[in-house]
Amino acid sequence: MGPDDLTKTFVRKGIGVSPGIVIGKAYLFDRLDTQVPFYKLSDPGLIDEEIQRFRRALGESERQLLELKGKLSDVDGGMDPQYIIDVHVMILRDQKFIDRTIQNIREMSVNAEWAVRITVEKYRELFDRMDDDYLRGRISDIQYAEQRIVANLVGKKRAALDMGEKVVMIAADLSPADTAQMKIDRVLGFATDIGGKTSHTAIVARSLAIPAVVGLENITRSVRTNDDIIVDGTAGVVIVHPDPEVRRRYEDKKRLYEEAEDDLLDYARLPAVTKDNYSVEIGGNIEFIEEIPSAIAHGADGIGLYRTEFLYINREELPSEEDHLVNYRSVVGVKGLAWATIRTFDLGGDKFFKDQKHCRELNPQLGLRAIRFCLKEVDLFKIQLRAILRVSAKGKIRVMFPMISGIEEIREAKRIFAEVRDELLAKGESIGKDIEIGVMIEVPSAVIVAEELAKEVDFFSIGTNDLIQYVLAIDRINERVTYLYEPLHPAVLRLIKHVVEVGHRSGIRVAMCGEMAGEPAYTMILLGLELDELSMNPLAIPRVKKIIRGSTLKESKALLNKVMTLASAQEIRTYVEAAMQKRFPEEFQANGQ
Amino acid sequence: MVEKKTFEITNQLGVHARVAAKLVETANRFQAEVFLEKDGVEVDGRSILGILTLVCPRGSRLTVRTEGVDAGEAMAAFSRLIEDKFGEK
């Protein structure tokens, strides 16, 4: 592995057992960070002494566990962690366990540490043979007892972990005793190899309201202490070494999650209709199929943007058609969602593993990426298109091509799409009748030739994140220029207005799927622009719906018309914020939220 | 005094760690020796690891043998515990 591989973004999916999102540094939990000495006793005369040493360690271990049990509060009724400590104490008292270990010391003349290890290995053999997953997993309790005994044998004081800044705890599994000795206020979240909804980690995490993802299988082997890590306990996803774009998106998600108040959820299931009966469709932006339940719960009418990139960057080799298909089947034709807009591959070629010919670019944002890359690597592109087409009979699909900058690209993409469709039809595959094809409007040239593009497609979807950075010529990731990133810049508003007008004149639908769509301060402006669909982070939906349901199209248009006469971004922002504060004082506090 | 009785395990999850812990706790309340047997394998009723290695899912038949002055009371306690599905579903 080269240095690049060590910091590559990767995703692990597990079971989200405690909701919420955290972003932080990983801390690899090591229950026993001492080297355990194994040795043969030099003299048979030492055997009795060694047995006494073992018994003392048992006694000390038990005493520590009972002390911990006293410290743990009763949490999550019924499944309280105390009983797990009881189980561990019973293992320490298990006569057979003790006898076997003593027998090992006597007969094999090994030290107590070694003797305990031999006993545990015997149990491991027994447990490994069990058919029942749950029982097989109980070997972890025996190993826990072992580690506890060995820690006392080795004589290392188990001081509370000193973790400095707040960390995301990474472990194979955590027992309540482990969590009890952590400085729990220093723990941001948990990610563990094993476990399920009722595992110890899950129970403890929920009782502490800390996000947790368990059942990640090998997270302890893929993450090192101090790695950047995101834990999304709601979706059951862990992202390691998030690139700046992903990180920023998750910072938004985190903020939205924390802001989401229960009373706002009342708005989730209500239609997005203004008081004067103007209705807007609401889409949810997702990148993992695990986010679909949240999209539905927060009131998405459909999936307005399914980012398929993680199908590519989440793995060592390229996704097969079946890999795509498995995911798309969970997105298309889902009960409660009227449509799914799938955006084809939207990354640079550098995201392809092992593929050295697509070397680093000096300016990847303007490089060979998204549709440009797909049109060069047609075979790769076709794999994704075939999977999309194969799932199209299952429900309403909109296919969206990213980063279209001119008419040739959309024509070529459509030609390849038709080619794949015809191949599948010839093979007798059933294909949906009403697949719509659209383009992301995110390159300024696409806005300028929107008239021509509209003739080629069924819909536009405005990707404001990229459109803003391209039109204002700023790199969003460059902190020195982020102050220039301004969705309310008059140039941006005029571009959007133009796209909507051209789209509607041509009789096609115009959506917005950038972050701008989910910002409630802009909702009235977007209503005034008469976008057909606003697609956003699902967590943002309830608040945006609340604004939509509280306004009228008439006043929104009046607000828009007013700001379109203003010359600077600053004037527009000041005006819009003041107007929104006045109109929705509860939602927009005067301190600039 | 010796008592012996066979039970069917009827709780949904069978003899998992918590149930095993309850069996051990019950055995510890009496002076009598307690043995649990399934499919010809017998283990000490005070050994949690022994009980777990018996592997008793729902529907298993578990024989309890108590031996000692309070064998009768011990058996009554085991009957209540097992027939009450260990307080589970």
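Data block above holds the structure.
Just so it is clear, the model here is predicted, and its values are computed rather than measured.

Caption draft 1: Quick look at the pattern of salt bridges. Residues and elements named next belong to chain A. Inspection of the entire model under this criterion finds 52 salt bridges over all chains. Here Glu 113 and Arg 53 are joined by a salt bridge, their closest N and O atoms 2.7 Å apart. Of the two residues, Glu 113 is situated in helix H5 (residues 112–128) and Arg 53 in helix H2 (residues 47–71); the sequence distance between them amounts to 60 residues. Residues Glu 456 and Lys 414 are paired through a salt bridge, measuring 3.1 Å at the closest nitrogen-oxygen approach. With Glu 456 in helix H19 (residues 450–456) and Lys 414 in helix H17 (residues 407–426), this residue pair connects regions lying 42 residues apart in the sequence. Accessibility expressed as a relative area gives 17% for Glu 456, which makes it buried. Three or more residues joined by partner-sharing salt bridges are found here, namely Glu 245, Arg 248, Arg 249, Lys 253, Glu 287, Glu 291 and Glu 515.

Caption draft 2: Structural context of the interface of chain B and chain A. With 14 residues of chain B at the contact, the number on the chain A side is 19 residues. Counting the surface lost from both chain B and chain A, the interface buries some 1400 Å², and carbon and sulfur atoms represent 74% of this. On the chain B side of the contact with chain A, Arg18(B), Ile48(B) and Leu49(B) bury the most area, a combined 41% of that side's loss. Across the chain B-chain A interface, the total number found is 0 salt bridges.

Caption draft 3: Focus on the pairing of strand E3 (residues 21–28) of chain A. All names here are of chain A. Within E3, 6 of the 8 residues are buried, leaving the element largely enclosed by the surrounding structure. Looking at chain direction, E3 and strand E7 (residues 228–232) are connected through 5 bridges and run antiparallel. Bridging from a neighbouring strand, Val 22 pairs with Val 231 of E7.

Caption draft 4: Layout of the environment of Thr220(A). Residues and elements named next belong to chain A. Following the sequence through the fold, Thr 220 ends up in helix H10 (residues 219–222). A relative accessible area of 22% places Thr 220 in the partly exposed class. Spatially, the C-alpha atom of Thr 220 lies 8.7 Å from that of Phe 29, the residues being 191 residues apart in sequence. Thr 220 has contacts with Leu 28, Ile 170, Ala 171, Ala 172 and Asp 193, leaving out every residue within four places of it along the chain. Here Asp 193 takes part through its side chain, which lies 2.5 Å from a polar atom of the side chain of Thr 220.

Caption draft 5: Looking closely at the sheet that holds strand E9 (residues 281–286) of chain A. All names here are of chain A. With parallel pairing, 8 strands are arranged side by side around a closed barrel as E9-E10-E11-E12-E13-E14-E15-E16. Across the sheet, the axes of successive neighbouring strands diverge by a mean angle of 25°, strand direction being ignored. Across 2 bridges, the pairing between strand E15 (residues 509–512) and strand E16 (residues 533–536) is parallel. Each residue of the ladder has a partner; that of Met 512, found in E16, is Leu 534.

Quick notes on the rules
Residues numbered from 1 in each chain as written. Chains lettered and ligands numbered in written order. Predicted model: local features only at pLDDT ≥ 70, side-chain atom pairs only at ≥ 80, totals over all residues. Heavy atoms only, no water. Salt bridge = Lys/Arg side-chain N within 4 Å of Asp/Glu carboxyl O. Helix = DSSP H or I, 4+ residues; strand = E, 2+ residues; numbered from the N terminus. Buried < 20%, exposed > 50% of the residue type's maximum accessible area, 1.4 Å probe, protein only. Contact = heavy atoms within 4.5 Å. Buried area = accessible area lost by both parts, 1.4 Å probe. Pairing = 2+ DSSP bridges. Polar contact = N/O pair within 3.5 Å; in protein donor to acceptor, adjacent residues only side chain to side chain. Axes fitted to C-alpha atoms, helices over the stretch in contact; angles between N-to-C directions.

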